[in-house]
Amino acid sequence: MADFLMPSLGADMEVGTVLQWLVKPGDAVKRGDIVAVVDTEKATIEVEIFQSGVIQRIVVPEGEKVPVGTLLAVIVTNGEGVVAAPEAKPKPAERAPVVIAPPPPAQPAPPRIAAKPAPEPAAPHRARISPLAMRLAMELKVNLATVKGTGPEGAVTKADVERAAKAPPLPTAAAPVPKPIEEPAPAALPKPAVAPIDHHTAMRKVIAAAMARSKREIPHYYLGTHIDMSKAMAWLQAENLKRPVTERLLYSVLLLKAVALAADEIPEMNGFWIDGAFKPGEAVHVGVAISIRQGGLIAPAIHDVGKKNLSEIMASLRDLVKRVRAGVLRSSEIADATITVTSLGNEGVESVFGVIYPPQVALVGFGKIVERPWASGGMVGARPVIMASLSGDHRASDGHRGALFLNTIERLLQVPEKL
Amino acid sequence: MTPDAQKVKITYREAMRQAIRDALIRDPRVFLMGEDVGAYGGCYAVSKGLLEEFGPDRIRDTPLSESAFVGAGIGAAMNGMRPIVEIMTVNFSLLALDQIVNNAATILHMSGGQFNVPLVIRMTTGAGRQLAAQHSHSLEGWYGHIPGIKVLTPATLEDARGMLWTALEDPDPVLIFEHGTLYNMEGEIAADAGAVEISKAAVRRAGTDVSLITYGGTLGKTLQAAEQLAQSGIDAEVVDLRTLRPLDTETILDSVVRTHRAVIIDEGWRSGSISAEISARIMEGAFYELDLPVERICSAEVPIPYARHLEDAALPQASTIVATVTRMTGGHG
């Protein structure tokens with residue numbers, strides 16, 4: 001049995017609204033399937049599941065807003081017996097009946113991989129939390145979704161909250177810091193309908209929180225270097241001539257690939273600062289800062305950029321931009337980025353020294369490509385030049401390594417055919 | 001009370017008698033009337049000896065008509081006297097309900113403030129003496145519903161001794177409910193014990209883990225339960241309401257704010273009771289302080305039985321209080 005929880009889709013996400021379930025009890029799911037659509041303050045996210053198995057029970061109904069970490073659904077993982085889903089809505093006081101039954105023998109119809117929305121009215125799940133415990137949790141900034149109740153019928157009481165407040169926070173990759181809860185009633189207030197979210201205002205708030213936290217907590221250092229792009233641009237022009245229009249590459253793809261390969265070489269730039277220590281990323285997932293037309297920005301990840309070829313990166317980028325504009329992203333894209341790249345070239349500026357997106361430890365900025373006089377080998381010529389910058393977290397790395405990192409990007413861009 | 005103050009041994013019955021006697025001596029307008037209060041000495045022997053001491057003008061036996069003698073008391077009070085009217089039990093007071101609710105409680109209002117009714121009505125209430133359903137009920141909560149009267153429930157010797165005089169000084173009607181099981185309660189009080197104030201509840205035992213809120217006949221059982229709970233490490237606070245109308249909400253909430261848990265012990269029936277009112281006020285005033293739902297221990301919703309074991313089973317007992325609090329707290333403070 002596994003719990004499917006409201007994921008943290010970004011360092012500063014505290015609550016999410018389940019807009020739609022794409023599965024219903026009894027449906028088989030496999031790792032990576034999109035099972036629900038969740039609205040955060042920033043965007044509408046398609047949430048993937050990380051266990052394979054069969055959905056046993058959906059706990060949070062559509063339209064309900066719950067804190068990160070709240071149980072959304074229960075999954076019987078592969079190898080376990082199928083657990084009979086309760087037919088009727090269980091009363092809040094009751095525990096879900098756990099009846100281990102063999103798979104139904106009569107109709108061994110293969111469980112569907114659900115793709116269509118299944119409007120299953122889920123059982124209301126009302127947490128028992130005493131008013132005092134609720135108030136204390138707000139004062140002590142305890143996330144009630146993580147507190148185990150020991151009071152009558154499992155109610156969370158004052159003692160439980162005080163105990164939780166004393167315990168060290170549980171570290172997770174995506175949610176490295178204990179979060180103050182703004183919503184005092186996790187899973188306790190079923191909302192009748194999906195409250196429309198003002199994404200613009202909400203996003204400014206989220207960006208404000210993340211950026212303020214970054215500048216408050218992260219001791220940034222900044223490095224910049226000019227990179228001669230003549231070889232890269234020449235190669236790209238030649239390469240694009242060979243390609244059909246729809247498959248042509250943007251120079252950003254070269255930059256992303258170079259950043260990813262450099263991050264592989266200098267791993268201090270790639271990962272997270274969590275609980276006072278650097279945790280290297282398991283792969284290089286490059287977050288790409290994409291501005292949203294209505295305002296605000298989001299930096300979803302392209303996975304494993306270092307292992308993708310340029311065409312694949314281009315396809316991913318195109319897909320990502322399209323979905324950002326449409327406001328539909330996947331949970332893994334939101335949560336997984338290990339380093340972020342921002343490019344303000346299109347806006348005409350030559351350099352950008354960005355603010356690191358916590359808990360990441362580095363942000364690479366690119367300005368626009370401009371023709372500049374460039375001295376090389378005793379000769380001066382006009383070259384396309386781009387300014388690459390690094391905002392580094394001084395807790396995780398030093399300027400020396402940061403300089404090596406930028407130099408590596410420069411070196412890689414001089415041999416574009418190898419990217 | 002100073003440590004060297006002289007103490008005297010006294011019963012609740014004697015304390016009440018002293019209070020009446022004191023009032024008769026201090027104020028010539030005071031007189032006592034009711035069924036069998038004179039020659040017989042009162043059916044609970046509270047007024048024993050008073051007829052001999054004060055004579056038939058001030059200790060007046062009445063016909064068996066609650067409506068008539070309560071009405072006469074109202075008239076006397078309106079005309080400047082300070083009558084103490086004794087009704088045998090709260091069950092019989094229902095025969096005078098019209099006089100109490102429609103007249104005593106309303107005349108000040110109906111006369112545009114011209115006439116006060118400085119009347120005191122004493123009556124016995126409660127069960128526990130095998131007097132069966134027509135002499136055992138606890139209806140003081142009903143009276144607590146009525147604006148225009150005050151409802152006192154002395155549960156200690158000091159209050160039995162001291163509430164009457166303060167009630168007589170009040171310009172409006174005051175009802176005093178004496179729980180029948182208390183008359184034989186014996187203890188020591190200061191020899192110079194006198195009038196007490198009647199507007200505040202009292203914390204009879206300070207504690208930190210749970211507020212046990214009660215009054216009258218169940219105060220003793222509640223204190224007993226608190227001592228038993230203390231042995232298992234649960235430190236209960238016991239609040240004696242003393243006055244059911246007006247309720248001292250402040251003292252109740254002050255206690256609950258400190259303990260975060262409340263149990264109300266009320267010998268009345270649960271439905272529509274004073275315990276329901278208290279529970280509601282706690283919810284209104286201290287919702288965010290509550291760590292557990294408010295609980296109530298009340299009498300079984302049956303006419304109080306005659307048979308001893310059934311009567312015991314119907315009433316709140318120290319053991320039920322202990323069991324309830326233990327269950328609520330999981331056995332620890």
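Residues numbered from 1 in each chain as written. Chains lettered and ligands numbered in written order. Predicted model: local features only at pLDDT ≥ 70, side-chain atom pairs only at ≥ 80, totals over all residues.

Draft legend 1. Seen up close, the sheet that holds strand 18 (residues 328-330) of chain A. All names here are of chain A. Taken in spatial order, the five strands line up as 7-2-4-5-18 in an open sheet, and their pairing is mixed. Looking at the sheet topology across the chains shown, the edges are occupied by strand 7 (65-67) and strand 18. Strand-to-strand, the axes of this sheet are offset by a mean angle of 40°, without reference to chain direction. (Pairing = 2+ DSSP bridges. Helix = DSSP H or I, 4+ residues; strand = E, 2+ residues; numbered from the N terminus. Axes fitted to C-alpha atoms, helices over the stretch in contact; angles between N-to-C directions.)

Draft legend 2. Spotlight on the pairing of strand 14 (residues 295-299) of chain B. Residue and element names in this part refer to chain B. With five bridges joining them, strand 13 (residues 262-269) and strand 14 adopt parallel strand pairing. Paired with isoleucine 264 across the bridge in strand 14 is arginine 296. In this region the chain leaves strand 13, passes through helix 11 (residues 274-286) and returns to the parallel neighbour strand 14; the handedness of that crossover is right-handed. (Right-handed = clockwise from strand over helix to strand, strands pointing away.)

Draft legend 3. Just the interface of chain A and chain B, in detail. Every contact between the two is made by nine residues of chain A and, on the other side, eight residues of chain B. Take the side of chain A that touches chain B: its biggest share by element is four residues, from helix 1 (residues 131-140) of chain A. For the side of chain A that touches chain B, the class distribution of residues is four nonpolar, three polar and two charged. (Contact = placed C-beta atoms within 7 Å. Nonpolar A, V, L, I, M, F, W, Y, C, P; charged D, E, K, R; others polar.)

Draft legend 4. Representation of helix 3 (residues 66-78) of chain B. Residues and elements named next belong to chain B. With 13 residues, helix 3 extends 18 Å from end C-alpha to end C-alpha; this agrees with the ideal 18 Å at 1.5 Å per step. Taken as a whole, helix 3 has its buried residues at Glu66, Phe69, Val70, Gly73, Ile74 and Ala77. Down the axis of helix 3, the sector holding all buried residues measures 150°, keeping them to one side. Packed against the buried residues of helix 3 are strand 2 (30-34), strand 4 (82-89), helix 4 (90-93), helix 5 (97-104) and strand 5 (120-125). Glycine 80 sits one or two positions beyond helix 3 and adopts a positive phi of about 105°. (Expected span 1.5 Å × (residues − 1). Buried ≥ 20, exposed ≤ 12 C-beta atoms within 10 Å, placed from the backbone. Arc of directions from axis to C-beta.)

Draft legend 5. Quick peek at unusual backbone geometry. Proline 359 of chain A follows proline 358 of chain A through a cis peptide bond whose omega is 5°. Residue position: proline 359 of chain A is located in the loop between strand 19 (339-343) and strand 20 (362-366). Cis geometry marks the peptide bond from arginine 245 of chain B to proline 246 of chain B; its omega dihedral reads -5°. Position of proline 246 of chain B among the secondary structure elements: in the loop between strand 12 (243-245) and helix 10 (249-259). Of note, lysine 141 of chain A is a non-glycine position whose phi angle comes to about 55°, a positive value. The topology assignment puts lysine 141 of chain A in the loop between helix 1 and helix 2 (158-166).

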